[in-house]
Amino acid sequence: MDHFSRRDFIKAVGASGALLVSGHAFARATKPPMGRVVVIGGGYAGATAAKYLRLWSLGAIEVIVVEANQQFVSCPLSNLVLGGSKTINDLTFGYDALKANHGIKWLQDTVTAIDSGAKKVSMLRGELSYDRLIVAPGIDFNYDELPMLASAEAQQQVPHAWKAGWQTVNLRKQLEAMPDGGVFVMNVPKAPYRCPPGPYERACQLASYLKVHKPKSKIIVLDANAEIISKKGLFTKVFKETYAGIIDYRPDHSIKGVDLATKTVITDFDKISADVLNVIPPQRAGKIAQIAALTEKDYPWCEVNFLSYESKLVEHVHVLGDSVAAGLPKSAHMATNQAKVCANAIVQLMAGQAPDPAPVFANTCYSFVSDTSAMHVANVYRYDAGKKMMISAEGGGVSISPSEKEAIYAAAWAQNIWADTLT
Amino acid sequence: MKKSQAIWFLVILLITSSVLPVIGNADEVFVSDAQQNNHIRTLAASCAACHGTMGNAVGNGNNRSNTDEGNAALAGIDAADFTIKMLGFREGSQKSTVMHHHAKGLSLDEINQLAVHFSQQKRIIMAPLKPQTLKAEHGSL
């Protein structure tokens, strides 16, 4: 039970003195020169938006981040924890440097409601007012079709490991405990979902471990999509050549049900028993985006204006990252790009100016097919004023083949995006 | 004209056209510069995933190319060097794994603006971020 305490509030906001507690709500002691932006979510999108708002407003915008977790755990590279070349503690970071370097105020709390009329955010332990709100909640899993997997207990047995953390560690332990000759069953949910190449990279990481340590074992990949949906040619070749006899890839196979006791999945075609079962459920915009009516009934993602990432449904509320209906890959690099365009636009809007009418950004996405080999897909994206969305420019593409050189660049990608997002 | 001469011609044309003051109404020039700066700083910031905040790549000292120690540091790079390299990625004379995909997607004007932008950034040597031990209470449902 969380008891509201005045002291907790002041402690949570830090010793800045800029905020006072008035009843259950924050009130301003001194009005920030340009206004206040509240950011919900401290993932790649939210943390980046907070940093660049402070940088580009030269500190004139007050930024408060509300994040439920104390630590940041990177989804990019988390498949390498399953493969065994990384541990979860290589991918876990704190927020202290980000907060201190940029004067970002931070609340570790969970948002329960948004009142966009009153421009107010409610949390478990208080309320915040805002001039503009950024909602960056990542994904939420949809268990409508797989209700048996909704509980924490069920996910202890059948982890999704699609939000990096303890489930990733759990799945690695199950893989280590699997006997040689065992069957690992995993799935690819129906697109769109977080990280399009991620499930195929996961299959490669599992296979690279099994090939060395349990060579009689097999991985069955049940893809709800008609074909591999990212880096298709490259993954097809790696499955066939590097992991022949280990990866059994089956397109057009949706999981219709799961029997937890026997770790059996039911598809339209058959029942498959697994020694280790990893189900990645279908996805939708993060919970708070649904609560705040940022999605419409028949479509579970958030429609935005791509010049500012302001919601098409709710004024002064911007949506970033995996929750956005962008028609583009839901990747960490995309999330940080959106955050930068949004931060730039908010600085302009709060200064009474129009945002950049033609944003351009680049995306590089690496996948590790073993512990020492990686490949990329890279594109420049440009705002199309006719279509009113970001469209990939000429010249993008994928690696000729996976290589050790690209594994080094991919590792450097991770170091740089972590430093950019968290310092 | 040889290919390399053509590139040099282009480089010189681009650099002079961007650095020399534009003749016209002073207010108009100021406004369009400000808009251009906002536009280019967002595009430049998009390079940070591989090349660090404002071109300050992690590790790799002042190397202007990718090495085993880290990716190319762009902060403080010579503007002409940057442009020549990007044009090389574009037309294939400069070998790359990924950069040709980016260079081909950018306009000549954007390449030149990025060159000026990165050349103006102060190089700060960045160390990799220190990881932590994951705490028991971290949620991931």
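The coordinates are above.
Residues numbered from 1 in each chain as written. Chains lettered and ligands numbered in written order. Predicted model: local features only at pLDDT ≥ 70, side-chain atom pairs only at ≥ 80, totals over all residues. Heavy atoms only, no water.

Trainee: What exactly am I supposed to notice about the overall build of chain A here?
Mentor: The helix and strand tally for chain A stands at 11 helices and 27 strands. With the principal axes as the frame, chain A shows a C-alpha extent of 65 × 55 × 40 Å. For chain A, the residues scored as buried account for 60% of the 423 residues in total. Partitioning the intrachain contacts of chain A with sequence separation of at least 6 by distance along the chain shows that 66% fall at a separation of at least 24. Accessible surface for chain A amounts to roughly 16200 Å². Of this, 53% is attributable to carbon and sulfur atoms. Within chain A, one finds 43 positive and 39 negative side-chain charges whose respective centroids are separated by 4 Å. (Helix = DSSP H or I, 4+ residues; strand = E, 2+ residues; numbered from the N terminus. Buried < 20%, exposed > 50% of the residue type's maximum accessible area, 1.4 Å probe, protein only. Contact = heavy atoms within 4.5 Å. Areas by Shrake-Rupley, 256 points an atom, 1.4 Å probe, with all protein chains shown as cover. Lys, Arg positive; Asp, Glu negative; His and termini not counted. Charge placed at Lys NZ, Arg CZ, Asp CG, Glu CD.)

Trainee: I'm lost on the interface of chain A and chain B in this one. Help?
Mentor: By convention, interface size is frequently given as the accessible area that disappears when the constituent parts associate. Counting residues at the interface gives 64 residues for chain A, matched by 47 residues for chain B. Both faces considered, chain A and chain B share a buried interface measuring about 4600 Å² in area, 55% of it formed by carbon and sulfur atoms. When the buried area of chain A at its contact with chain B is split by residue, Gln71, Trp166 and Asn416 of chain A rank highest and sum to 14% of it. Our count for the contact surface shared by chain A and chain B stands at one salt bridge. (Buried area = accessible area lost by both parts, 1.4 Å probe. Salt bridge = Lys/Arg side-chain N within 4 Å of Asp/Glu carboxyl O.)

Trainee: Would you explain the packing of helix 2 (residues 44-56) of chain A against helix 10 (residues 332-350) of chain A in this entry?
Mentor: Any two packed helices are characterised by the angle at which their axes cross and by the distance between the axes. Residues and elements named next belong to chain A. Packing of helix 2 against helix 10 leaves a shortest axis separation of 8 Å and a crossing angle of 35°. Where helix 2 crosses over helix 10, the handedness of that crossing is right-handed. Here Tyr44, Ala45, Thr48, Ala49, Tyr52, Leu53 and Trp56 of helix 2 come into contact with helix 10, specifically with Ala332, Ala335, Thr336, Ala339, Lys340, Ala343, Asn344, Ile346 and Val347. For the contact of helix 2 with helix 10, the class distribution of residues is 12 nonpolar, three polar and one charged. (Axes fitted to C-alpha atoms, helices over the stretch in contact; angles between N-to-C directions. Left-handed = near helix turned anticlockwise from the far one by under 90°. Nonpolar A, V, L, I, M, F, W, Y, C, P; charged D, E, K, R; others polar.)

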